[in-house]
Structures are given as C-alpha cells and as structure tokens.
Amino acid sequence: MRPVAPQAGTHSRIFGCTVHVAEEHPMLDIVMLALALGLFVAGIGYAYVCERL
C-alpha cells in the first residue's frame, strides 16, 4: 500500500521535482521553550528591580 503522507526525513516528488521533507527536532523544541521561559523570568526580574529603584 502506498503511504498517504511522506515519512519524516524522506524525499518526495512534487511536480517532477525532488523535495526533502524536514525532520523533526524535539530537543530544539525543549531548548526554545527553556529560552522563552528564561527570558520571561528575566523580564519579570528586570521589572521588579526597576520598581525597587
């Protein structure tokens, strides 16, 4: 049976052109969430310090 959607990390042919399907990077998601949380906490800390001045 032919797959309906191309699998991650494979190549697909669309209109005669070969297209590389992007692979997922779950570790990068975790790094981005940690970075966003760190910047949010830094912003809260900055606002707190500015309020105390």
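Keep in mind the model is a prediction, meaning the values are calculated, not measured.

## Let's talk about the overall build of the chain
Alright, step 1. When its secondary structure is counted, the chain shows one helix and two strands.
Alright, step 2. The buried share among the 53 residues of the chain stands at 2%.
Alright, step 3. Approximately 5300 Å² of the chain is accessible, and the part contributed by carbon and sulfur atoms is 70%.

## Side note on a nonpolar patch on the surface
Alright, step 1. Together, Met27, Leu28, Ile30, Val31, Met32, Leu35 and Leu39 make up an exposed nonpolar region whose accessible area comes to about 710 Å².
Alright, step 2. Within the secondary structure, Met32 sits in helix α1 (residues 26-52).

## A closer look at the confidence of the model for the chain
Alright, step 1. Looking at the chain, pLDDT values average 79 and 57% of them are 70 or higher.
Alright, step 2. Within the chain, α1 carries the highest mean pLDDT (95), whereas strand β1 (residues 11-14) carries the lowest (56).

Each value, and the rule that gives it
- Residues numbered from 1 in each chain as written.
- Predicted model: local features only at pLDDT ≥ 70, side-chain atom pairs only at ≥ 80, totals over all residues.
- Heavy atoms only, no water.
- Helix = DSSP H or I, 4+ residues; strand = E, 2+ residues; numbered from the N terminus.
- Buried < 20%, exposed > 50% of the residue type's maximum accessible area, 1.4 Å probe, protein only.
- Areas by Shrake-Rupley, 256 points an atom, 1.4 Å probe, with all protein chains shown as cover.
- Patch = residues over 30% accessible without salt bridge, like charges linked within 9 Å, V, L, I, M, F, W, Y side chains within 5 Å.
- Salt bridge = Lys/Arg side-chain N within 4 Å of Asp/Glu carboxyl O.
- pLDDT = per-residue confidence, 0-100.

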